[in-house]
Amino acid sequence: MGSSPFSLPTWSLQPRTLPAVTPEPCHCGSGGPFRGCSEGAGAGTAQGRPAVDDGDDTQSPSAGPAGVGPRSFVRRHHPLPRPSAQEEEFDLDIPKDLGPLQFVKLCKHHSLVDDAWFCDLITVRGPGASEEAAFPCYQWVQGQGVLSLPEGTARLAGDNALDVFQKHREKELKERQKLYCWDTWKEGLPLTIAAGCQDDLPPNMRFHEDKRLDFEWALKAGALEMVLKRIYTLLSSWNHLEDFDQIFWGQKSILAEKVHQCWQDDELFGYQFLNGANPMLLRRSACLPSRLVLPPGMEALRAQLERELQNGSLFEADFILLDGLPTNVIRGEKQYLAAPLVLLKMEPNGKLLPMLIQIQPPGPSSPTSPLFLPSDPPLAWLLAKVWVRNSDFQLHQLQYHLLNTHLVAEVMAVATMRCLPGLHPVFKLLIPHIRYTMEINTRARTQLISEGGIFDKVVSTGGGGHVQLLRRAMAQLTYRSLCPPDDLADRGLLGIPSALYAHDALRLWGIIAQYVEGIVHLFYHRDDVVRGDSELQAWCREITEVGLCHAQERGFPISFQSRKQLCHFLTMCIFTCTAQHGAINQGQLDWYAWVPNAPCTMRMPPPTTKEEVKMATVMGSLPDVRQACLQMTITWHLGRRQPDMVPLGHHKEKYFSSPKAKAVLNQFQTDLENLEREITARNEQLDLPYDYLKPSRIENSVTI
């Protein structure tokens with residue numbers, strides 16, 4: 001055949017600084033020579049993004065040995081540094097038709113400064129109307145190694161050991177399993193990525209420069225605000241609830257102001273169990289709790305409880321997981337914990353109101369623990385509710401936020417990198433949903449829950465109690481608890497109009513499930529294909545038996561036997577990394593900024609009598625000004641909207657190249673947009689809008 005024009009991939013290599021590799025920010029124009037070659041049997045135009053800059057050598061296609069694509073060099077000179085995210089296109093004549101391209105290879109020539117470059121995608125178009133071939137990269141190009149990029153069509157593993165794609169995926173997994181290793185942070189908890197600090201992480205799991213700078217700026221801004229508040233209150237009194245107004249300024253939300261005004265109301269207290277920062281503990285009562293001991297003289301209360309129970313309108317929140325945990329000592333002062341029980345009734349109008357609070361379960365020293373009622377002296381009833389809110393803070397942050405979203409998502413992320421090659425359709429499905437998860441979790445283990453970290457400085461479960469609580473919570477980490485249709489049914493929360501989290505979670509679960517099913521059915525046409533996918537089965541075992549520490553005892557699968565079972569598990573993975581984390585994380589800014597509504601610690605023991613509760617008791621129990629300032633700073637940092645936030649389903653990376661897979665993603669985005677409009681219309685009719693599960697507010701992965 002005659003020669004055909006071939007354009008070297010328009011490379012679009014984005015110069016993002018890689019702190020673990022580069023000693024100083026890398027700018028376009030400072031990189032060394034790059035060389036790219038395509039491997040396979042084809043001729044065409046390559047559109048991609050290499051780091052083409054001052055003095056770059058870009059290797060363009062020319063005829064090469066049999067089985068290897070074209071190879072030649074073009075030197076490009078650019079007199080001035082150019083901005084990031086560029087595209088370059090090269091046209092070359094190739095003496096013969098190479099047929100379909102299989103691989104493109106990238107390597108970066110070594111220079112005096114080993115600056116790293118981030119490549120998004122390379123596309124190659126042949127002469128005339130030939131189809132474009134895409135080679136997804138989305139990783140750093142660095143050092144002197146050769147990066148081999150297969151054509152982007154998703155493929156299951158084959159039985160032919162001589163197949164070039166099979167060899168590539170086996171080599172890729174072998175390299176990844178050396179790079180992504182498991183580690184034990186604390187015995188009895190999910191395994192983590194082996195990294196002592198963020199600098200130890202694999203480069204492709206690191207924050208990009210804009211994310212890193214924003215994260216570190218936010219910490220410094222929060223620290224400055226905390227110092228200013230401390231100075232402002234230095235000579236002020238701290239004896240009344242109104243004194244918290246002295247620090248209630250700076251970064252806060254409209255809902256936080258509403259909480260500030262109404263936090264003492266029973267209605268808002270009950271509402272938080274349904275739609276607050278932690279909607280995961282409430283359940284409909286099937287019987288009166290065994291720990292509830294009603295003393296003589298409370299027959300009328302018992303009768304009322306029995307009536308609510310019969311009507312199906314009695315609900316409970318039991319914090320027994322906190323019972324007996326060791327408490328923190330902060331700056332020489334002992335802190336305190338309780339394990340309350342709250343019984344609430346659902347009014348016909350959907351309002352959830354507290355009926356009684358038992359701050360501590362009965363014990364040998366106190367066989368009839370005092371019960372606090374709405375009819376009690378106002379300060380006694382208020383302090384009882386404050387104890388509940390403190391307990392909810394502990395379970396929310398540790399069990400439902402850290403363990404059930406962050407640590408579970410990390411297990412999924414590490415297992416995915418270890419077991420699924422880049423060509424696998426499940427890898428392509430999940431990779432957008434593990435962005436930044438390893439780094440944010442590594443930072444948490446070195447700054448938040450580490451020895452001397454934030455929990456030790458300001459939270460009543462710090463100093464070791466938080467680790468014991470996480471171990472207890474592991475026993476409750478069941479497969480069903482991570483799947484809203486099962487979890488909400490188990491807790492009796494289906495069909496409650498005022499349960500907005502429950503409604504939105506179920507809608508999102510259904511939309512994600514439809515998206516997952518659309519992708520899975522493209523590649524798995526029968527159940528036996530699922531059963532025969534060795535890479536997929538290894539991934540399942542890696543999550544359940546290794547990362548989650550033999551979680552088959554808690555209902556997690558150790559193999560997939562059908563497409564339906566696989567779809568359910570993948571839906572759980574994506575929901576956990578996106579919607580569930582959004583529901584649990586975003587509320588911190590709204591519900592925790594006014595510290596008395598959710599105190600991080602309590603500085604006096606729980607009251608044993610109602611008459612002894614005075615304002616001095618309440619203020620002496622709540623966090624002091626230093627602890628309150630730190631709580632406000634951290635919850636703002638964690639709960640604020642991230643500037644580089646990627647909304648659910650709207651990642652720009654093009655991992656799938658087939659039109660059918662792209663159509664499934666487009667339908668997913670359309671379904672999310674329809675739900676967005678539905679939630680917006682509903683919220684316009686509500687006094688307290690519930691926004692946490694609006695798709696535009698849900699981040700595509702656990703990044704904060």
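Residues numbered from 1 in each chain as written. Predicted model: local features only at pLDDT ≥ 70, side-chain atom pairs only at ≥ 80, totals over all residues. Heavy atoms only, no water.

## Points about the overall build of the protein chain
Stage number 1. Scanning the protein chain from terminus to terminus reveals 19 helices and 21 strands.
Stage number 2. In the protein chain, the share of contacts with a sequence separation of at least 24, taken over all contacts with a separation of at least 6, comes to 76%.
Stage number 3. Per element, the accessible surface of the protein chain, about 27,900 Å² overall, is 54% carbon and sulfur. (Helix = DSSP H or I, 4+ residues; strand = E, 2+ residues; numbered from the N terminus. Contact = heavy atoms within 4.5 Å. Areas by Shrake-Rupley, 256 points an atom, 1.4 Å probe, with all protein chains shown as cover.)

## What about the sheet that holds strand S21 (residues 371-372)?
Two pairing modes exist for strands in a sheet, parallel and antiparallel, and in both the strands are linked by backbone hydrogen bonds.
Stage number 1. An order of S15-S16-S19-S20-S21 is seen for the five strands of this open sheet, with the pairing classed as antiparallel. Looking at the sheet topology across the chains shown, the edges are occupied by strand S15 (283-284) and S21.
Stage number 2. Of the strand pairs in this sheet, S15 and strand S16 (residues 314-318) are connected by two bridges, and their pairing is antiparallel. When the sheet's bridge partners are listed, Arg 284 is paired in S16 with Phe 315.
Stage number 3. The strands touched by helix H4 (residues 266-275) are S16, strand S19 (341-346) and strand S20 (352-358); relative to S20, the strand with the most contacts, the crossing angle is about 95 degrees. (Pairing = 2+ DSSP bridges. Axes fitted to C-alpha atoms, helices over the stretch in contact; angles between N-to-C directions.)

## Observations concerning the pattern of salt bridges
Stage number 1. Following the criterion strictly, the structure yields 28 salt bridges and no others.
Stage number 2. Notably, a salt bridge pairs Arg 418 with Glu 542, separated by 2.7 Å at the nearest N-O pair. Here Arg 418 is found in helix H6 (residues 378-419), whereas its partner Glu 542 is found in helix H14 (residues 534-547), with 124 residues between them in sequence. For the pair Arg 418 and Glu 542, a shared accessibility class is recorded, and that class is buried.
Stage number 3. Arg 480 serves as the salt-bridge partner of Asp 486, at 3.8 Å between the closest nitrogen and oxygen.
Stage number 4. By relative accessible area, which is 39% here, Arg 480 ends up partly exposed.
Stage number 5. Three or more residues joined by partner-sharing salt bridges are found here, namely Asp 199, Arg 206, Glu 209, Arg 212, Glu 216, Glu 439 and Arg 443. (Salt bridge = Lys/Arg side-chain N within 4 Å of Asp/Glu carboxyl O. Buried < 20%, exposed > 50% of the residue type's maximum accessible area, 1.4 Å probe, protein only.)

## Re the packing of helix H1 (residues 164-179) against H6
Stage number 1. Between H1 and H6, the shortest axis-to-axis distance is 7 Å and the interhelical angle comes to 140 degrees. Between H1 and H6, the angle falls in the class oblique. For the pair formed by H1 and H6, the contact residues are Leu 173, Arg 176 and Gln 177 on the first element and Thr 416, Met 417, Arg 418 and Cys 419 on the second. (Parallel < 35°, antiparallel > 145°, perpendicular 65-115°, else oblique.)

## What about the pairing of S16?
Stage number 1. Burial analysis of S16 places four of its five residues in the buried class, the great majority of the element.
Stage number 2. As paired strands, S16 and S19 are joined by five bridges and run antiparallel to one another. Along S19, the bridge assignment pairs Asp 318 with Leu 341.

## A word on unusual backbone geometry
Stage number 1. In this structure, Tyr 138 is a non-glycine residue whose phi angle is positive, near 50 degrees.
Stage number 2. Of note, Tyr 138 is situated in strand S11 (residues 132-141).

## Things to note about the environment of Ala 134
Stage number 1. Relative to the assigned elements, Ala 134 resides in strand S11.
Stage number 2. Spatially, the C-alpha atoms of Ala 134 and Thr 153 are 8.2 Å apart, while their sequence positions differ by 19 residues.
Stage number 3. Every residue in contact with Ala 134, bar those within four places of it in the chain, is listed here: Leu 121, Ile 122, Thr 123, Pro 150, Glu 151, Gly 152 and Ser 657.

## Notes on the confidence of the model for the protein chain
Stage number 1. Confidence in the prediction for the protein chain averages 86 pLDDT; 85% of positions are at 70 or higher.
Stage number 2. In the model, residues 1-83 has pLDDT below 50 throughout and makes 329 contacts with residues more than four positions away in sequence or in other chains. (pLDDT = per-residue confidence, 0-100.)

## Let's talk about the environment of Ala 218
Stage number 1. Mapped onto the secondary structure, Ala 218 falls in helix H2 (residues 209-232).
Stage number 2. With relative accessibility at 1%, the residue Ala 218 sits in the buried group.
Stage number 3. Once the C-alpha coordinates of Ala 218 and Thr 633 are considered, the two residues, 415 residues apart in sequence, prove to be 9.4 Å apart.
Stage number 4. Beyond its immediate chain neighbours, meaning those up to four positions away, Ala 218 contacts Trp 636, His 637 and Arg 640.

## Considerations on the nonpolar core
Stage number 1. In this structure, Phe 273, Trp 539 and Met 572 are the most contacted members of the largest nonpolar core, which totals 176 residues.
Stage number 2. Among the elements that line this core, the one with the most residues is H6, at 24 residues.
Stage number 3. Sequence-distant contacts of Phe 273, defined by excluding residues within four places in its chain, comprise Asn 278, Pro 279, Leu 282, Ala 317, Phe 319, Val 342, Leu 344, Leu 352 and Val 388.
Stage number 4. One finds Leu 288, Leu 301, Leu 309 and Leu 371 within the second-largest nonpolar core, a separate group that totals 14 residues. (Core = buried A, V, L, I, M, F, W, Y, C linked by side-chain atoms within 4.5 Å.)

## Let's talk about H6
Stage number 1. When the terminal C-alpha atoms of H6 are compared, their 58 Å separation across 42 residues agrees well with the 62 Å that a helix rising 1.5 Å per residue should span.
Stage number 2. At Leu 402, H6 shows its largest bend, some 45 degrees.
Stage number 3. Among the 42 residues that make up H6, 40 are buried, leaving the element largely enclosed by the rest of the structure. (Expected span 1.5 Å × (residues − 1). Bend = angle between axes of the 7 residues up to and from the residue.)

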